[in-house]
Amino acid sequence: DIELKLIQEDNMVYTKDELYQQEEENDLKQELLFPIFGEVIRSIYFNDNSDSLLFELENNSVHRYDVKNQCSNMVWIYHIEGEEDVIGGEIFDFKIKQYWKKIEPPKKMDKNNWPDVLESLIFSIVTSKGYLDIEVRNQHNGYYGGNIKYMGEVKEISNKYNKIS
């Protein structure tokens with residue numbers, strides 16, 4: 001028998017898994033948003049490998065974000081939307097729209113041609129002018145996770161990055 005443990009907090013009832021996910025989401029928000037909070041976006045750059053983003057800010061700093069994998073998985077930035085909507089906007093929030101949801105194969109597709117596990121993380125960087133939605137995908141065998149990480153400030157923008165806004 002599986003014991004379902006419920007925890008009451010703020011007049012809401014959560015399972016331990018739900019609370020753990022909320023903690024992970026809050027940690028991710030803190031890590032990604034803190035270095036650029038309150039800054040204004042000048043430009044966004046994306047590399048050809050789909051694994052790194054740069055944010056050039058009005059204060060002349062450039063901040064790098066990379067996807068990270070573990071042992072036997074592949075992680076990449078799958079989709080970016082709203083890049084034109086956030087230029088000149090002050091960054092003031094980070095919202096997770098979908099937290100590592102498993103993607104099922106299309107009904108007509110041979111499941112043998114589909115990865116063991118394909119997951120999607122969708123989050124938004126919220127600015128005073130609009131939203132930047134970023135979707136990160138993680139393909140693995142069921143044991144390895146991935147994420148997007150703040151890598152720090154960079155001194156210059158290398159030619160492996162393309163300006164997308």
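Quick note: structure is the one above.
Thresholds applied
Residues numbered from 1 in each chain as written. Predicted model: local features only at pLDDT ≥ 70, side-chain atom pairs only at ≥ 80, totals over all residues. Heavy atoms only, no water. Buried < 20%, exposed > 50% of the residue type's maximum accessible area, 1.4 Å probe, protein only. Helix = DSSP H or I, 4+ residues; strand = E, 2+ residues; numbered from the N terminus. Pairing = 2+ DSSP bridges. Salt bridge = Lys/Arg side-chain N within 4 Å of Asp/Glu carboxyl O. Polar contact = N/O pair within 3.5 Å; in protein donor to acceptor, adjacent residues only side chain to side chain. Contact = heavy atoms within 4.5 Å. Axes fitted to C-alpha atoms, helices over the stretch in contact; angles between N-to-C directions.

Observations regarding the pairing of strand E3 (residues 41-47)
Here is step 1: The element E3 is largely enclosed, with a buried count of 6 among its 7 residues.
Here is step 2: In the sheet, E3 pairs with strand E4 (residues 52-57) via 5 bridges, with the strands oriented antiparallel. Note on E4: the bridge partner recorded for Phe46 is Leu53.
Here is step 3: The hairpin turn running from E3 into E4, its antiparallel successor, is 4 residues long, and Ser50 in that turn takes a positive phi close to 60°.

Side note on the pattern of salt bridges
Here is step 1: Tallied over the entire structure, the rule returns 6 salt bridges.
Here is step 2: Of the charged contacts, one joins Arg42 and Glu56 as a salt bridge, the two residues approaching to 3.5 Å between their closest N and O atoms. Residue Arg42 is located in strand E3, and its partner Glu56 is located in strand E4; the two are separated by 14 residues in the primary sequence.
Here is step 3: Judged by its relative accessible area of 15%, Glu56 is buried.
Here is step 4: A salt bridge links Lys97 to Asp133, with the nearest nitrogen and oxygen atoms 3.1 Å apart. Here Asp133 lies in strand E9 (residues 131-140) and Lys97 lies in strand E7 (residues 91-102), a separation of 36 residues in the sequence.
Here is step 5: You can call Asp133 buried: its relative accessible area is 17%.
Here is step 6: Each of Arg42, Glu56 and Glu58 takes part in a single network of salt bridges with overlapping partners.

What to know about the side chain of Arg137
Here is step 1: Along the chain, Arg137 turns up in strand E9.
Here is step 2: The exposure class assigned to Arg137 is buried, which follows from its relative accessible area of 14%.
Here is step 3: A distance of 2.9 Å separates the side chain of Arg137 from the side chain of Glu135, its partner in a polar contact.
Here is step 4: For Arg137, the residues in contact, after removing those within four places along its chain, are Met74, Val75, Trp76, Tyr78, Trp100, Ile103, Leu118, Glu119 and Ser120.

Considerations on the sheet that holds E9
Strand pairing in a sheet relies on backbone hydrogen bonds. The paired strands run either parallel or antiparallel.
Here is step 1: Spatially, 4 strands are ordered E6-E9-E8-E7 in an open sheet, and the strand pairing comes out antiparallel. Every other strand in the sheet has two partners, leaving strand E6 (74-81) and E7 as the edge strands with one partner each. For this sheet, the mean angle separating the axes of adjacent strands, direction not counted, is 20°.
Here is step 2: The sheet contact formed by E7 and strand E8 (residues 117-127) spans 8 bridges and is antiparallel. Paired with Lys102 across the bridge in E8 is Glu119.

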